[in-house]
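Structural characterization, general
Each chain, written out:
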Amino acid sequence: QVQLVESGGGLVQPGGSLRLSCAASGTFIRILTMAWYRQTPGKQREWVAEINVNAEAKYTDSVKDRFTISRDDAKNTVYLQMTSLKPDDTAVYYCNAIGMHYIGSVVHNEYWGQGTQVTVSA
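Residues numbered from 1 in each chain as written. Predicted model: local features only at pLDDT ≥ 70, side-chain atom pairs only at ≥ 80, totals over all residues. Heavy atoms only, no water.

Another point: the side chain of T116. You can see T116 is positioned in strand β11 (residues 116-120). Among the polar contacts made by the side chain of T116, one reaches the main-chain amide nitrogen of G9 at a distance of 3.3 Å. In this structure T116 touches E6, G9, L20, A91, V92 and Y93, once residues within four positions along its chain are discounted. (Helix = DSSP H or I, 4+ residues; strand = E, 2+ residues; numbered from the N terminus. Polar contact = N/O pair within 3.5 Å; in protein donor to acceptor, adjacent residues only side chain to side chain. Contact = heavy atoms within 4.5 Å.)

Take the sheet that holds strand β8 (residues 77-82) next. A sheet is described by the order of its strands in space; here four strands give the open sequence β1-β3-β8-β7, paired in antiparallel fashion. Two strands lie at the open edges of the sheet, namely β1 (2-7) and β7 (67-72), each paired on one side alone. Strand after strand, the sheet turns through a mean of 15 degrees between neighbouring axes, direction not considered. The sheet contact formed by β7 and β8 spans six bridges and is antiparallel. Note that in β8 the partner of I69 across the bridge is L80. (Pairing = 2+ DSSP bridges. Axes fitted to C-alpha atoms, helices over the stretch in contact; angles between N-to-C directions.)

Everything listed here is a matter of geometry and, on its own, says nothing about what the molecule does.
Listed below in structure tokens is the structure:
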């Protein structure tokens, strides 16, 4: 099992910055791809960014050049540095991770954090 704990959300003015963190703990061989999603009331959860074990990152178009995802494998932590924030970035941000386990054979399970609120408002 893997537990994901997010931190770093809050209220910020348009044009401001925030850094989200998500730390993974529990029993696993390795954490594989880590990602951030976001969700606003009444809408489906939206993929924002992901980073694989080779530190290769991908972003949804709306956050390219504003958000940067990174990871520290020594700490099993993924970060999302958000800059030039807009009101449309307001959402609950969720951390997602694929954990590798050995249960008789190697298995991959998907995990979610509890979410952290980001509000961009003047």
